[in-house]
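Structural description and commentary
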Amino acid sequence: MEDRIRDATMENLWNMWYSELDRNRSGLTFRVGQVLYSGHSDFQRIEVFDTPAFGKVLVMYGSVMLTEKDEFVYHEMLAHPALHVHPAPKKVLIVGGGDGGTLREVVKHDRVERATLVEIDREVCRICKQYFPSVACAIDSPKTRLVFQDGAVYMAETNERYDLVLADVSDPVGPAEVVFQKPFHLNVFDRLNDDGIFVAQTQSPYYHHDTIRKLYRNLRQVFPIVRMYLAHIPTYPGAIWSFAFCSKQHDPLEVLQPSSIEGLRYYNTELHRGSFALPTYVAELIEA
Ligand code: SPD
């Protein structure tokens, strides 16, 4: 093939981009090398792309859930702060998180005896086991109990009690919306043991002001201790992401168990403390 034509053909092959836009004004963009999977489950559209910048990317309901390159930040930060505060986190419940990333971090702790993962969409687990084996690796762990059910319904109906509940859900549109609402938080409080901790991903403090304001107002009406902490996640909107640490007794700024987990790439003791230090504009957002 003539060089000029070959170059043009290569350019077309490389000319695929994925963009996640915020109200059509700004957004995240990845060059896509290959679309590995694209389909609809009973609950949502699911896509897997291979990208030169971030490796494989999982997109659900039109937003990036994880990328191979930076998923460790989100999953370590959703799981380890609470696991390093609670003195005996034997029973852990993960709501959502069907990709298995949070589960992978939870089962690293020897003190965890049982991790229950309640995922509404069976397809998410199947697809992640196929395309993201390093993320989904604990789905078949002997400590894992898998339940395919709506997390809010499970929370309302279960008689089980937990030491930790971790809400690893997508954005508050579609199937995950109820997990951002007060009836769900009240049920979580009820199902936690007396010194239980609830951690939830709470969106970008740069972009999602209204959601965050309302969410923290609700959480403070339910839990005596509510603190926000932050992590830097390059592929989430704003690249700065927030988590709510909601606790019945243990304050994450006062209690910290020694860490025995090796091989973490983001979380460490200094970072634990530092992640609760909020920039002024973020602190103002959630002021009581
Ligand atoms: N806008 C992205 C929010 C994604 C939060 N959940 C991700 C799930 C990864 N386990």
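Scanning the protein chain from terminus to terminus reveals nine helices and 13 strands. Against the compact-globule benchmark of 19 Å for 288 residues, the protein chain has a radius of gyration of 19 Å, which places it among compact chains. Its C-alpha atoms put the protein chain at 70 × 45 × 35 Å along the principal axes. Classification of the 288 residues of the protein chain by burial places 53% in the buried group. Entry remark: accessible area of the protein chain is about 13,100 Å², with carbon and sulfur atoms responsible for 49%. Positive and negative side-chain charges in the protein chain, numbering 30 and 38 respectively, have mean positions lying 2 Å apart.

Below, the discussion takes up the environment of His109. Of note, His109 is situated in the loop between helix H3 (101-106) and strand E8 (114-119). Residue classification places His109 among the buried residues on the basis of a relative accessible area of 4%. Each C-alpha atom, one on His109 and one on Lys90, is 9.4 Å from the other, the two residues being 19 residues apart in sequence. Each residue touching His109, except ones within four places of it in the same chain, is listed here: His80, Leu83, His84, Lys143 and Ile261. At 2.9 Å, the side chain of His109 forms a polar contact with the side chain of His80.

We note that Arg23 has phi near 45 degrees; this positive angle belongs to a residue other than glycine. Looking at the secondary structure, you find Arg23 in the loop between strand E1 (17-22) and strand E2 (26-31). Residue class for Arg23 comes out exposed when judged on its relative accessible area of 54%. The phi dihedral of Asn24 is positive, around 60 degrees, even though this residue is not glycine. With respect to the helices and strands, the residue Asn24 is situated in the loop between E1 and E2. Residue Asn24 is classed as exposed on the basis of its relative accessible area, which comes to 68%.

Below, the discussion takes up the nonpolar core. Note that soluble globular proteins tend to have their nonpolar side chains buried in a common cluster. Of all hydrophobic cores here, the largest spans 49 residues; its most connected members are Leu58, Val106 and Phe243. By residue number, the principal contributor to this core is helix H2 (residues 71-83), which donates eight residues. Among residues more than four places away in sequence, those in contact with Val106 are Ala79, Leu83, Val92, Ile94, Val112, Ala115 and Leu166. Counting residues in hydrophobic clusters, the runner-up holds 33 residues, among them Phe180, Met228, Cys246 and Ile286.

We now examine the domain arrangement of the protein chain. What the domain assignment reports for the protein chain is domain 1 (2-67) and domain 2 (71-287). For domain 1 and domain 2, the distance between their C-alpha centroids amounts to 27 Å. Every contact between the two is made by 24 residues of domain 1 and, on the other side, 23 residues of domain 2. Surface buried jointly by domain 1 and domain 2 totals about 2,100 Å² across both partners, of which 67% is contributed by carbon and sulfur atoms. Summed over the shared surface of domain 1 and domain 2, the result is zero salt bridges. For the pair domain 1 and domain 2, the number of links is eight residue pairs in polar contact (both at pLDDT 80 or more). Within the residue set of the side of domain 1 that touches domain 2, elements represented by two or more residues are E1, E2, strand E3 (34-40), strand E4 (45-51), strand E5 (55-60) and strand E6 (63-67). Looking at the side of domain 1 that touches domain 2 element by element, the count peaks at five residues for E6. Looking at the side of domain 1 that touches domain 2, its residues break down into 15 nonpolar, five polar and four charged.

On to the state of the cysteines, then. What makes a disulfide is a covalent bond joining the sulfur atoms belonging to two cysteines. Under the definition given, this model contains zero disulfides. Between Cys128, a free cysteine, and Cys125, which holds the nearest cysteine sulfur, the sulfur-to-sulfur gap is 7.3 Å. Classification of Cys128 as buried rests on a relative accessible area of 0%.

Thresholds applied
- Residues numbered from 1 in each chain as written.
- Predicted model: local features only at pLDDT ≥ 70, side-chain atom pairs only at ≥ 80, totals over all residues.
- Heavy atoms only, no water.
- Helix = DSSP H or I, 4+ residues; strand = E, 2+ residues; numbered from the N terminus.
- Rg over C-alpha atoms; globule rule 2.2 N^0.38 Å.
- Buried < 20%, exposed > 50% of the residue type's maximum accessible area, 1.4 Å probe, protein only.
- Areas by Shrake-Rupley, 256 points an atom, 1.4 Å probe, with all protein chains shown as cover.
- Lys, Arg positive; Asp, Glu negative; His and termini not counted.
- Charge placed at Lys NZ, Arg CZ, Asp CG, Glu CD.
- Contact = heavy atoms within 4.5 Å.
- Polar contact = N/O pair within 3.5 Å; in protein donor to acceptor, adjacent residues only side chain to side chain.
- Core = buried A, V, L, I, M, F, W, Y, C linked by side-chain atoms within 4.5 Å.
- Domains from an automatic or database assignment.
- Buried area = accessible area lost by both parts, 1.4 Å probe.
- Salt bridge = Lys/Arg side-chain N within 4 Å of Asp/Glu carboxyl O.
- Nonpolar A, V, L, I, M, F, W, Y, C, P; charged D, E, K, R; others polar.
- Disulfide = S-S within 2.5 Å.

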